[in-house]
Amino acid sequence: MSTLIKNGLLIDPSNLIQAKLNLLIDKGKVKLVTTAEPQADLVIDASGKIVCPGFIDIHMHEEYVGEDGKIMDDDEKSIFRCSLRMGVTTVLGGQCGMNRYDPADYLDIVDRDGAPVNVALLVGHGYVREACGIEDKYGPVNDVQLEHMVQKVEQSLAAGCLGVSYGMRYVPGLTEWEMLRTALPCVPGHKLIAAHVRDDAAGIFDATKEFLDIAKKLAIPAQYSHIGSMAGFGQMKEFLSLVAEYKLNGVDVSCDCYPYYAFSTLIGATTYDDGWLERYHCDYDVIEICEGKYKGQRCTKEIFEEERREHPEHLTVCYVMKEEDVDLALHTLNVMLSSDGIMNNGQGHPRAAGSFTRLFSEFVRKGKLSLDEAIRMCTAMPAEKLGLTNKGTLKVGADADIVIFNPEKIKDNATFANPTLPGEGIDYVLIGGQIAAKDCKVVNAHLGCAIRK
């Protein structure tokens, strides 16, 4: 079926285009860009609206796979559906060293059943460690274990994963040698490494050098994860200068950031190991519990210790990031938008459902960012970084993944109390030329496919 999108303001940062043009879509691709109005089976009038490539979330945490071998797909709880409702058409999961399921098998499931969005994955170093039977995250691996890990990484990359992710903070026993060996399989295909680095706040500079020195030694691309929650405690300006130094000295490094001033992680994560109070210069009440009997409550010392002991799997939100640091990050040319979305049965941080709509309501409409720059951060930048030549653009022949939104009405509604609430102002989201969402409601949750390289 052919579709004509007419009368909209077409913005395509990858081709430096902002113009009133019509799009003809056929067989899942952009067939024609024109001022004329060719015939089509379906006509969408985008008068007064922005027409741009589908948003690409370069850092999020994919959906669980149920006991039936299917990807979880509850309309109120699904993180993929949250992504789609805010205009995201392609996601990169397997972040921070974590996979929800064997990544090669996960991609096969997406190909078999479809998904609300297109799904690409990294193979998570932490997942591989556990899959190889290594239970002590604080200790090093031996040579036999490491070779098993390398084989697992190679298998996942051969199956189409786009690179390797590291949760260096979450695996304190990770050594330079272990990281070099597990990243080495990325070299032949020039695949990327991404990392939640080993330390944040005052420790961010040594942690940055540790990560980027690996990328430099192997001459492979690096994606620096969610920098607002890593250097957003008064270090952002100096941190960005350090990243720029590496880039200008030949390291292909870029960063991502979400537009919130609080981060989210498990209460049992190493983030909250001894010393976190001193690191963030705070008290226990900066932590809000997202699940269980204390859901919505701020921590006391007693609640914190009980949750760490009894429910280390519970998600938390931690309100410690500086607004001026996050804003600075999102103003930086080498930083793209991500959600870092993670959901446990519909519970978590509102960034999973609101990051992309929030960028336009809180940053563009309030004059912190231009409309063109915001769209670039959501489309052309991540597509280029991931080498997705048919995504993030509206050129003829590109995949017809498209967002149509009202720039005056687009907004996020998700809150810390209700983190999956859909936003407003997005009229249509198309995946492969078919309507996947309309008015921030999912109408077809099976148009997404697996993306492999």
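Position numbers for residues count from 1 along each chain, tracking the sequence in the order it is written. For this predicted model, a pLDDT threshold of at least 70 governs which residues receive local features, and a threshold of 80 or more governs which side-chain atom pairs are given and counted, while totals over whole chains, interfaces and linings are taken from all residues. Water and hydrogen atoms play no part in the side-chain values, which are based on all heavy atoms of the structure.

## Comments concerning the overall build of the protein
Our working definition: Labels follow the DSSP assignment, with helices taken as runs of H or I lasting at least four residues and strands as runs of E lasting at least two, numbered in each case from the N terminus. With the radius of gyration taken over C-alpha atoms, the globule rule is written as 2.2 Å times the number of residues to the power 0.38. Exposed residues in this analysis have more than 50% of their type's maximum accessible area, buried residues have under 20%, and partly exposed residues fall in between, with area computed by a 1.4 Å probe over protein chains only.
Counting its regular elements, the protein contains 14 helices and 25 strands. Computed over C-alpha atoms, the radius of gyration of the protein comes to 21 Å, within 12% of the 22 Å expected from 2.2 N^0.38 for 453 residues, which places it in the range of a compact globule. Considered along the principal axes of its C-alpha atoms, the protein spans approximately 65 × 50 × 45 Å. Among the 453 residues that make up the protein, the fraction classed as buried is 62%.

## Comments concerning the packing of aromatic side chains
What counts here: To pair, rings of Phe, Tyr and Trp, with the six-membered ring standing in for Trp, must have centres within 6.5 Å; the planes then decide the type, stacked if under 30 degrees apart, edge-to-face if over 60, and tilted in the middle. Only when the NZ of Lys or the CZ of Arg is both within 6 Å of the ring centre and within 35 degrees of the ring normal is a charge said to sit over the ring.
One pass over the structure, following the stated rule, counts 14 aromatic pairs. Look at phenylalanine 263 and tyrosine 280: their rings are 5.8 Å apart centre to centre, the planes differ by 55°, and that puts the pair in the tilted class. In this pair, phenylalanine 263 sits in strand β16 (residues 263-266) while tyrosine 280 sits in helix α9 (residues 276-280), placing the two residues 17 residues apart along the sequence. Assessed through its relative accessible area of 5%, phenylalanine 263 is described here as buried. What makes tyrosine 280 buried here is its relative accessible area of 7%. Between tyrosine 272 and phenylalanine 304, the ring centres sit 5.9 Å apart and the planes meet at 90°, which makes this aromatic pair edge-to-face. Of this pair, tyrosine 272 sits in the loop between β16 and α9 while phenylalanine 304 sits in helix α10 (residues 301-310), and the two are 32 residues apart along the sequence. By the burial criterion, tyrosine 272 is buried, and phenylalanine 304 matches it. One aromatic cluster is present, built from ring pairs that chain together Phe55, Phe356, Phe360 and Phe405. If you follow arginine 351 out to its NZ or CZ, it ends over the ring of tyrosine 258, 4.6 Å from the centre. Over the ring of tyrosine 260 we find arginine 358; its NZ or CZ atom is 4.6 Å from the centre of that ring.

## Some words on the sheet that holds β16
Quick reminder of the rule: A pair of strands is considered paired only if DSSP assigns at least 2 bridges between the two. To get an axis, fit a line to the C-alpha atoms, keeping to the stretch in contact for a helix; angles then go from 0 to 180 degrees between the N-to-C directions.
The strand order β16-β18-β17 describes an open sheet built from three strands, whose pairing is antiparallel. Sheet topology places β16 and β17 (287-289) at the edges, where each strand pairs with a single neighbour. Each neighbouring strand pair of the sheet contributes to a mean axis angle of 30°, computed without reference to strand direction. Pairing of β17 with strand β18 (residues 315-318), which is carried by three bridges, proceeds in the antiparallel orientation. Among the inter-strand pairings, isoleucine 287 is bridged to a residue of β18, identified as cysteine 318.

## Observations concerning the environment of leucine 4
Stated formally: In this description, contact between two residues means that some pair of their heavy atoms is separated by no more than 4.5 Å.
The residue leucine 4 is located in strand β1 (residues 3-6) in this model. Along the chain, leucine 4 and threonine 389 lie 385 residues apart, while their C-alpha atoms are 23 Å from each other. The contact partners of leucine 4, leaving out residues within four places of it in the chain, are Asn22, Leu23, Leu24, Glu37, Pro38, Ala40, Leu42, Val43 and Ile44.

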